Amino acid sequence: MNPAKIALDRHIVTWVVIFLLLFGGIQAFMSMPRLEDPEFTIKDAIVITPYPGASALEVEQEVSDRIEKALQEMGQLKEIFSSYSYRGLSVIQPRMHDKYDASMLPQVWDELRRKISDVQSQLPPGAGPSIVNDDFGAVYGIFFAITGEGYSYAQLKDVGEYLRKELALVQDVARVDFYAMQPEVILIEADRDRMAQLGVPPQAIIQELQARNLVANAGRVQVGAEHITIEPTGIFTDVADFERLVLSSVSGSSQIYLGDVATVRRDYQDPPMPLLHFDGKTAVGLGISTVAGGNVVTMGEALKTRMAELIEDVPVGIEFGVISMQSDAVTTSINGFVISLLEAVVIVIVVLLFFMGLRSGLLIGFILLLTICGSFIFLKGQGVVLERISLGALIIALGMLVDNAIVVVDGILIGMAKGIKARKAAIEVVRKTAIPLLGGTAIAILAFAAIGTSQDKAGEYTRSLYTVILVSLSMSWFTAVTITPFLATRFLKVSPPKEGAPADPYDTPFYRRYQGFLRTLIGRRWITVLVVVAIFAASVYGFGTIEGSFFPDSSRAQVLVDYWLPQGTGIHQTEQDISEIEQYVLGLEGVTHVSATIGQ
């Protein structure tokens, strides 16, 4: 086989690899999911058990203690994080071990529910049933407020139901939920004097109401060849039907209607469920969450487009307020990190140009860009999402990504300066440095392994940092021992040594002084070791003085204010106070909108 043809084929393959890494990486970056922060699994649940009429002490002794004992029988339980016994209510928060991830937790929650179900028979009469809530993973990336002057909750709900059905079909939408929707109820206010006068006991009203609007199978009749289902009438559909309800269990010859002894009206539940205000107006919330691994930016743009199409079908006077639009925040955050990444790349290239020369600096800078682009291909394949942790990891890794390429390029330059041909110098350098560079790369990766293998929330939150370091540094070694020598043999040029110049490139005043400095350190090794230990100890001490904060400060132009009143204060009083605060804040300069959630 012709050696020249083999070399040509290798060159073509190498150029194809370069093209695929560069443009494939750009395409992968553009299509990767985007979020503001990494996703992580919440390993807590809430067990809520009502015990109406019981004191806090009775709730603790008769309900909370028994449920806690049942939970402690679970091998998956790490701790009972909190247990509160209020008057008439028990709230317990169990926390599972860190090793249980998102794929294993559903089975853990099933066992927890079985334990709670088994303990129900041990609770006192009137207590329970217990409610288990483990669904804390759905975060509303987009939160709308639906308002309308003169519209009731029921009318706002109709609009919300229509929007929920339509928006649930939008790309990357996981679920659409209502918030602060007040349920309608039928209120029956009994007139005790009238009931005593007519001899109507309260139990008679309860029995009659419990027997109404029940689904019953009334059988079928055959008409010709068909079987016709019989559907009983008498279903209550409005307030008047309740007023005409005959209290048949009351003794006496005369008929007594419910309307004779009680006032019946249709209203909303009181006290209400959590309330929502937007710009001082009563509102209903519409929370939209993203599917796991979805692109919140793509979802946000699709939702805006769909909302613009649906606005024509919404009644006049209905308005939509944006409480949170995470897609906009993610776009701003991602753009900021991308700019920081590009700035860091430019700084690295400028430094390389200054110390390595024009050709060497541009070559290593191109290898750096190629390494970053190639990393995106594999990061996308591993499900990494573009967020502040993964992009920040790239910035952290930049200084290490050029190390391998610098060693190879510098070695080739030294060989060429000694008169060795470029191709032979490249082969020699790669043969000598490939394994040592691989070992150095592995050590750098292992330095971040504790983050990647940690099973707690912090490890899960920052795991993309380790993945990015692993992929990008591995890619830097690959490009350093393959593409870097290939390009170096074609673009690097070394001027012939001037007359009288030393044959050894290291035989210069700078390297001679550096050699003397190293000899001095090695000759006084104990002093050198003590100085290094002292510097390390000072670093450890200085690290302890740095203020710690796991989550960085939010860059959103939003301010969150928490407002508490003493336990037992009615929600209407809280709403009244919040309304006054809203009006004050709306009058402040620079404030565009104010939203308030009350009661939760």
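Everything here concerns the structure above.
Focus: the side chain of K43
Position of K43 among the secondary structure elements: in the loop between helix 1 (3–31) and strand 1 (46–50). One polar contact links the side chain of K43 to the main-chain carbonyl oxygen of D98, over a distance of 2.5 Å. The contacts of K43, once residues within four sequence positions are left out, are P94, R95, M96, H97, D98, Y100, L105, W109, Q455, K457 and E460.

What to know about the packing of aromatic side chains
Here the structure, examined in full by the defined rule, presents seven aromatic pairs. Between the aromatic rings of Y84 and Y86, the centroid separation amounts to 6.0 Å while the plane-to-plane angle is 15 degrees, which identifies the pairing as stacked. Looking at Y84, the relative accessible area reads 46%, which means it is partly exposed. Measuring from centroid to centroid gives 5.9 Å for F143 and Y179, while their planes differ by 80 degrees, and the two rings are edge-to-face.

A closer look at helix 20 (residues 525–544)
Taking 1.5 Å of rise per residue, 20 residues should cover 28 Å, and helix 20 covers 29 Å from first to last C-alpha, within 8% of that figure. Where burial is concerned, little of helix 20 is hidden: zero out of the 20 residues are buried.

Overview of a nonpolar patch on the surface
A contiguous nonpolar surface patch, about 790 Å² in accessible area, is contributed by Y506, F510, Y511, Y514, F517, L518, L521 and I522. Within the element layout of this structure, F510 appears in helix 19 (residues 509–523). Overall, the relative accessible area of 53% leaves F510 in the exposed class.

Description of the nonpolar core
Among the nonpolar cores identified, the biggest contains 93 residues, and L167, I288 and F376 are the most heavily contacted of them. At nine residues, the largest contribution of residues to this core is made by helix 10 (residues 326–356). Residues A54, V59, L71 and V108 belong to the second largest nonpolar core, which totals 23 residues.

Observations concerning the environment of P129
Mapped onto the secondary structure, P129 falls in the loop between helix 3 (105–119) and strand 4 (131–133). With 12 residues separating them in the primary sequence, P129 and S117 have C-alpha atoms 8.5 Å apart. When neighbours within four sequence positions are excluded, P129 is seen to be in contact with I48, P50 and Q120.

Focus on the sheet that holds strand 4
The antiparallel open sheet is built from four strands, whose spatial order is 2-3-1-4. The sheet is open, and its two edges are formed by strand 2 (77–86) and strand 4, each paired on a single side. In this sheet, adjacent strand axes meet at a mean angle of 15 degrees when their direction is disregarded. Strands in contact with helix 2 (residues 56–71) are strand 1, strand 2 and strand 3 (89–96); relative to strand 2, the strand with the most contacts, it is inclined by about 165 degrees. On top of the sheet, helix 3 reaches strand 1, strand 3 and strand 4; it is set at about 145 degrees to strand 3, its chief contact.

A word on the packing of helix 2 against helix 3
Contact geometry of helix 2 with helix 3 gives a least axis separation of 9 Å together with a crossing angle of 140 degrees. When the axes of helix 2 and helix 3 are compared, the pair comes out oblique. Read as a crossing pair, helix 2 and helix 3 show a hand that is right-handed. Residues R66, I67, A70 and L71 of helix 2 form the contact with helix 3, whose participating residues are L112, K115, I116 and V119. For the contact of helix 2 with helix 3, the class distribution of residues is six nonpolar, no polar and two charged.

A word on the environment of D177
Following the sequence through the fold, D177 ends up in strand 6 (residues 173–179). Once the C-alpha coordinates of D177 and S103 are considered, the two residues, 74 residues apart in sequence, prove to be 24 Å apart. With near-sequence residues (within four places) excluded, D177 lies in contact with Y140, G285, L286 and G287. A polar side-chain atom of D177 sits 2.8 Å from a polar atom in the side chain of R175.

What about the pairing of strand 3?
Within strand 3, seven of the eight residues are buried, which leaves the element mostly enclosed by the surrounding structure. In terms of strand pairing, strand 1 meets strand 3 through four bridges, oriented antiparallel. By the bridge assignment for strand 3, P50 is matched with L89. Here eight bridges tie strand 2 to strand 3, and the two strands are oriented antiparallel to one another. The residue bridging I80 from the neighbouring strand is P94, located in strand 3. Taking the residues that link successive antiparallel strands as the turn, the strand 2-strand 3 hairpin has two residues, and the phi of G88 there is positive, at about 80 degrees.

Comments concerning the side chain of S375
Tracing the backbone through its elements, the reader meets S375 in helix 11 (residues 358–381). Overall, the relative accessible area of 0% leaves S375 in the buried class. The residues contacting S375, other than those within four sequence positions of it, are V471, S472 and M475.

Brief notes about unusual backbone geometry
Of note, the phi angle at A180 is positive, near 65 degrees, even though the residue is not glycine. As for its position among the elements, A180 is in the loop between strand 6 and strand 7 (184–190). Note on A180: relative accessible area 7%, which makes it buried. Phi is positive for D279, close to 55 degrees, though the residue is something other than glycine. As for its position among the elements, D279 is in the loop between strand 11 (275–278) and strand 12 (281–290). With a relative accessible area of 23%, D279 lands in the partly exposed category.

Basis of the calculations
- Residues numbered from 1 in each chain as written.
- Predicted model: local features only at pLDDT ≥ 70, side-chain atom pairs only at ≥ 80, totals over all residues.
- Heavy atoms only, no water.
- Helix = DSSP H or I, 4+ residues; strand = E, 2+ residues; numbered from the N terminus.
- Polar contact = N/O pair within 3.5 Å; in protein donor to acceptor, adjacent residues only side chain to side chain.
- Contact = heavy atoms within 4.5 Å.
- Phe/Tyr/Trp six-rings, centres within 6.5 Å; stacked < 30°, edge-to-face > 60°.
- Buried < 20%, exposed > 50% of the residue type's maximum accessible area, 1.4 Å probe, protein only.
- Expected span 1.5 Å × (residues − 1).
- Patch = residues over 30% accessible without salt bridge, like charges linked within 9 Å, V, L, I, M, F, W, Y side chains within 5 Å.
- Areas by Shrake-Rupley, 256 points an atom, 1.4 Å probe, with all protein chains shown as cover.
- Salt bridge = Lys/Arg side-chain N within 4 Å of Asp/Glu carboxyl O.
- Core = buried A, V, L, I, M, F, W, Y, C linked by side-chain atoms within 4.5 Å.
- Pairing = 2+ DSSP bridges.
- Axes fitted to C-alpha atoms, helices over the stretch in contact; angles between N-to-C directions.
- Parallel < 35°, antiparallel > 145°, perpendicular 65-115°, else oblique.
- Left-handed = near helix turned anticlockwise from the far one by under 90°.
- Nonpolar A, V, L, I, M, F, W, Y, C, P; charged D, E, K, R; others polar.

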